[in-house]
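So the chains spell out like this:
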Amino acid sequence: MRHRPCPARVLALVVGLPLAALAAEVPTPTAHLGFRPGADFRLAAWPSVVDYFRKVDSASDRVVVRELGKTTEGRPYIVAFVSDEPTIRDLDRHRTLQMAVAQPRDSAVDGSKEAAGSKPVVLITCSIHSTETASTLMAMELLHDLASGDDPSTREILENAILILVPSANPDGVDKVASWYERTRGRPWEGEGMPGLYHKYAGHDTNRDWFMLNLQETRLLTRFLYHEWPPTLAYDVHQMGSKGARLFVPPFFDPINPNLDARINQGIFLIGAHMAADLAGAGKPGVLTNAMYDNWWNGGMRTTPQRHNVVAVLTEAASVKMASPIFLEKSQLAGQTRGFSNHEPAVNFVEPWPGGWWRLRDIVDYELICARSILSLAARYRGQFQANYHRLGREAIQKGRTEAPYGWVVPLDRRDPGTAAKMVAILQDSGIRVLRARSDFAADGASYPAGSWLLPADQPYRAHLKDLMERQQYPNRFGPNGQAEAPYDVAGWTLPLQMGVKAVELGSPYAGEFDEPDRIEPPRGVIEGDERPNFFAIECRANDDFKVINALLAAGITLKRLGRPETTDKERLPAGSIVFEATDEARRILDKALATASTRVLARTAFTTSLAAIKSDYRGGAIALYQPWVPSMDEGWTRFVLEQFDFPYTTVHDAEIRSGNLAARFRTLVLPSVFPRLLREGYRPGESEPAYVGGLGLEGIAAVRKFVEEGGTLVCLEDSCQFAIESLRLPVREVLNDLKSSEFYAPGSILRCDLVPDRLTFGLPGEVSVYFDRSLAFEPVAVKDAPASRVVASFAKGNPLESGWLLGPEKIQGKAAVVDVAVGKGRVILFGFTPQHRGQTHGTFRLLFNALR
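Keep in mind the model is a prediction, meaning the values are calculated, not measured.

All right, on to the environment of Thr419 then. Tracing the backbone shows Thr419 in helix H15 (residues 417–429). In sequence terms Thr419 and Tyr510 are 91 residues apart; their C-alpha atoms lie 25 Å from each other. Each residue touching Thr419, except ones within four places of it in the same chain, is listed here: Met499, Val501, Asn543 and His842.

Glancing now at the packing of helix H18 (residues 545–554) against helix H19 (residues 584–593). Closest axis-to-axis distance for the H18/H19 pair is 10 Å, and the angle between their directions is 140°. As judged from the angle between their axes, H18 and H19 are oblique. You can see that H18 and H19 cross each other, and the crossing is right-handed. Every residue of H19 that contacts H18 at Val548, Ala551 and Leu552 is listed here: Ala586, Ile589, Leu590 and Ala593. Across the contact of H18 with H19, the residue classes tally to 7 nonpolar, no polar and no charged.

This brings us to the confidence of the model for the chain. Summarising the model, the chain shows a mean pLDDT of 95, and 97% of its residues fall at 70 or more. Confidence over residues 8–22 falls short of pLDDT 50; this stretch has 16 contacts with residues more than four positions distant or in other chains.

Moving on to the packing of aromatic side chains. Taken as a whole and assessed by the stated rule, the structure comprises 34 aromatic pairs. Put simply, the rings of Trp296, Tyr474, Phe478, Trp493, Tyr745 and Trp805 pair up and form one aromatic cluster. Geometry around Trp358 places Arg246 over its ring, the cationic atom sitting 4.8 Å from the centre. Positioned above the aromatic ring of Phe252 is the side chain of Arg302, whose terminal nitrogen or guanidinium carbon lies 4.4 Å from the ring centre.

A word on the sheet that holds strand E26 (residues 600–604). Across a sheet, paired strands are connected by hydrogen bonds in the backbone, their directions being either parallel or antiparallel. Strand order in the open sheet formed by 5 strands is E20-E26-E21-E25-E22, with mixed pairing between adjacent strands. The sheet is open, and its two edges are formed by strand E20 (526–529) and strand E22 (560–561), each paired on a single side. Across the face of the sheet, H18 comes into contact with strand E21 (535–538), strand E25 (578–581) and E26 while running at roughly 140° to E21.

Rules and cut-offs
Residues numbered from 1 in each chain as written. Predicted model: local features only at pLDDT ≥ 70, side-chain atom pairs only at ≥ 80, totals over all residues. Heavy atoms only, no water. Helix = DSSP H or I, 4+ residues; strand = E, 2+ residues; numbered from the N terminus. Contact = heavy atoms within 4.5 Å. Axes fitted to C-alpha atoms, helices over the stretch in contact; angles between N-to-C directions. Parallel < 35°, antiparallel > 145°, perpendicular 65-115°, else oblique. Left-handed = near helix turned anticlockwise from the far one by under 90°. Nonpolar A, V, L, I, M, F, W, Y, C, P; charged D, E, K, R; others polar. pLDDT = per-residue confidence, 0-100. Phe/Tyr/Trp six-rings, centres within 6.5 Å; stacked < 30°, edge-to-face > 60°. Lys NZ or Arg CZ within 6 Å of the ring centre and 35° of its normal. Pairing = 2+ DSSP bridges.

Right under this line is the structure:
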């Protein structure tokens, strides 16, 4: 990477001007924006932020701005490199050094020379949660100060560290929030009441995607970090609620994750203590440590880098209403969370904030102090940080060679090869070294065919691989009142269980011949069998099969679904298989669809039953997905998953449902996981613009009831189930809601479910792993003249826990997880869990897809 020197700077050096005189050449954020960053009632739109960063790039030889790609909605995703002039001129060499430090290829390789000659790379990421508005503005001020300053502190940072500054990890949201805020100014709902997610699909879950890589933004930054510029330290900048501490800094609360090395945890403590000391020195009260936020979970912008040997932290500042200041009396300030029971002085909260006005500029000031604090620390202890970083990688390789687990095998999967390849590709994009067997091999007494994937444990990012592949065992933790203490996010996330992919842990060393592919490409689909077939068949076991089926339906191809197993001239097709006539048009559609889907299509001549005799047409039918005006992340993830598998759908809001006549327009209506009150009432008056106030109301409930009675299918996900049970008077009872968390608790864990043969379970094995995040369980209720209900999936009768934390398993054992209830001519399908949770649970996607068709 080469950077053209700033002409004004070159001229100044020639004529002997001091570098400090060039500060005037770097435009200030205030001059660019027309207001000081953090000014009351003012936010910056993303084009203005990008324009400012590029202006600074042009004006300063200390800065290079790079566009990594485009966001989900087509905006530029940028990062800025900041260091002293010689480093910026020689960035390629420093990148090579940093890669050698972070990713040694062998434990025997001594990288001390590279470590000594390298500079710590500090990553600062801003406003991934777009309503947390201050950090993007802070980034503009930080960039200016480092690009133009010539004071000793700034020179120390520039000469001894490299900053990679991400002004927003969700640029689309910066514009959405800024636009909405301008509309709300002067209204009762100022700074509140957005009628949509601030990311097209994920909303707040943008910071829950760092191991799954569903989103364009996480993919861009992940490949940049682990394939080009691995950081030594990372600082993720956030905001929280308004009425507690003014700022949280590490250390984090218990429990700690067992895969994190002590040097990571102690490094986090060091950074947090340095930030807290610098804040105290600047007279900034209200700083909280060692509370609220734990370090257990994988998937955030701080926690996933930690598994990559990065000392990564976050801070959380008290929020304002986007950019509107707030006033808080002392009596309004509270703690009421773990490690922070009240707002009184304590060893982890030494100087409470007294109350008063709290402004966006206050947040910018606190965050700017923290940003410079981590940069100064990195600069002063550059040798120690770099040496530790390199040793962590080398020791991870050595551990992978001398202790179990030695790796994981992902056997060649003929049932769903696309999902298996996707899992392996996610790991590779995260910096994991992936091997593929050239020939059959044996490990731990089992044989595996050529083409199987091997994930060796002897690699620098062993902690990340191990953390995703193993089953989590969250410790029992209770608060002072005896109730379960909630983890910060989730308790379990085992990737093979979520994705329904078989992975075998290796307890002893292995041998074989393996290739190391540069890139994992998704497998292409195939047509196997007769050259001149009479019909095609899809056994419908792979998720990608639905891409092909949807393409066929869109082309008007008539499809039949087998209600029972049938025999061809070569095999027995399972119930749920899709069969259709082998026309030229069908072949044309297949050839196109199979280029991007891993489906196996059988071309056959003879069939025991004629296609005409199969009564069960597999019809498409229009799908409606309800989108509440109160933003729903589950609705966003549902949209995302439907689009990934090419399901056509129509988004409907309250007014479209209240207008009725749904059965004439749609075959299926999906209610995402939304609490019943929000479904019924939505935003209340004064909480948003009048156009977005109100939910389904009585009219909408009546319209939904009529839709089902006239033959429609209502699919309810998790929290919306109780709405359907109450509104449609279904003969089903939710059994967990009245239990205290000391009796039953399962926060973000993976549980095992048993399935019965049914249309909804076609193509699935007899048991699946489902994601249970404070979810629901049911039991049918015997009511005279009530509609019939059928239990499709039940939580295992033994202990259902597979990964995470389950308190009180006896309360859920054998209880229904999925119930199909007949209502009039239609049906209601209740999912006690979200089968598409955060776009991660590929192993249960099929349950949702079957419900839609």
